[in-house]
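Breakdown of the fold
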Amino acid sequence: MKVGDYVARVTNEWEKHNRWMEFPNEKPEPLGMIVGRSWNGSANFWDVLMSCGGVESFSERYLRAVSYTHLRAH
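Residues numbered from 1 in each chain as written. Predicted model: local features only at pLDDT ≥ 70, side-chain atom pairs only at ≥ 80, totals over all residues. Heavy atoms only, no water.

1. Here's the deal with the confidence of the model for the protein chain
Detail in the predicted coordinates should be disregarded across regions flagged by low pLDDT. Taken residue by residue, the protein chain gives an average pLDDT of 78. The fraction at 70 or more is 69%. Within the protein chain, the lowest mean pLDDT, 63, falls on helix 1 (residues 13-17), and the highest, 91, falls on strand 4 (residues 55-59). (pLDDT = per-residue confidence, 0-100. Helix = DSSP H or I, 4+ residues; strand = E, 2+ residues; numbered from the N terminus.)

In structure tokens:
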């Protein structure tokens, strides 16, 4: 994940702790666009611009990139 990616929140507890697992019946909850990175001790957090206009920090393990804006051709 990088700044500019559109992300969703992982809703399945198993998937949060096992990134390789996917549960097709439990779709991630759309959140917003990554606008920065922050640190909380040893944990890696991403700052996400929410649809309401606010910015919230989320642990990397709870997010999944839905759209990779940094991969688009310019």
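2. A look at a nonpolar patch on the surface
On the surface, Tyr6, Met33, Val35, Leu49, Val55 and Val66 cluster together to form a nonpolar patch covering roughly 480 Å² of accessible area. The residue Met33 is located in strand 2 (residues 29-40) in this model. (Patch = residues over 30% accessible without salt bridge, like charges linked within 9 Å, V, L, I, M, F, W, Y side chains within 5 Å. Areas by Shrake-Rupley, 256 points an atom, 1.4 Å probe, with all protein chains shown as cover. Salt bridge = Lys/Arg side-chain N within 4 Å of Asp/Glu carboxyl O.)

3. What about the environment of Glu60?
Tracing the backbone through its elements, the reader meets Glu60 in the loop between strand 4 and strand 5 (63-67). Remark: the alpha-carbon pair of Glu60 and Phe45, spanning 15 residues in sequence, is separated by 5.5 Å. Separated by 3.0 Å, the side chains of Glu60 and Trp46 make a polar contact. (Polar contact = N/O pair within 3.5 Å; in protein donor to acceptor, adjacent residues only side chain to side chain.)

4. Quick notes on the pairing of strand 1 (residues 6-9)
On any regular strand, side chains alternate: one points to one face of the sheet, the next to the other face. As paired strands, strand 1 and strand 2 are joined by four bridges and run antiparallel to one another. Residue pairing in the sheet places Arg9 in a bridge with Glu29 of strand 2. Judged from the four bridges that link them, strand 1 and strand 5 form a sheet pairing that is antiparallel. Bridge pairing links Ala8 to Arg64 in strand 5. (Pairing = 2+ DSSP bridges.)

5. Some points on the sheet that holds strand 5
Taking strand neighbours across the sheet as the criterion, the five strands line up as 4-3-2-1-5 in an open arrangement whose pairing is antiparallel. In this open sheet, the two edge strands, each paired with only one partner strand, are strand 4 and strand 5. Averaged over all adjacent pairs, the angle separating strand axes in this sheet is 50°, with direction ignored. One ladder, built from five bridges, connects strand 3 (residues 43-50) with strand 4; its direction is antiparallel. Looking across to strand 4, one finds that Asp47 is bridged to Ser57. (Axes fitted to C-alpha atoms, helices over the stretch in contact; angles between N-to-C directions.)

6. Things to note about the nonpolar core
The biggest cluster of nonpolar side chains holds eight residues, and these are Val7, Leu31, Ile34, Trp46, Val48, Met50, Phe58 and Leu63. Listed by contribution, the elements that provide at least two residues to this core are strand 2 and strand 3. Considering each element in turn, this core owes the most residues, three residues, to strand 3. Non-local contacts of Val7, meaning those with residues more than four positions away in its chain, are made with Met1, Pro30, Leu31, Gly32, Ile34, Val48, Leu63, Arg64, Ala65 and Val66. (Core = buried A, V, L, I, M, F, W, Y, C linked by side-chain atoms within 4.5 Å. Buried < 20%, exposed > 50% of the residue type's maximum accessible area, 1.4 Å probe, protein only. Contact = heavy atoms within 4.5 Å.)

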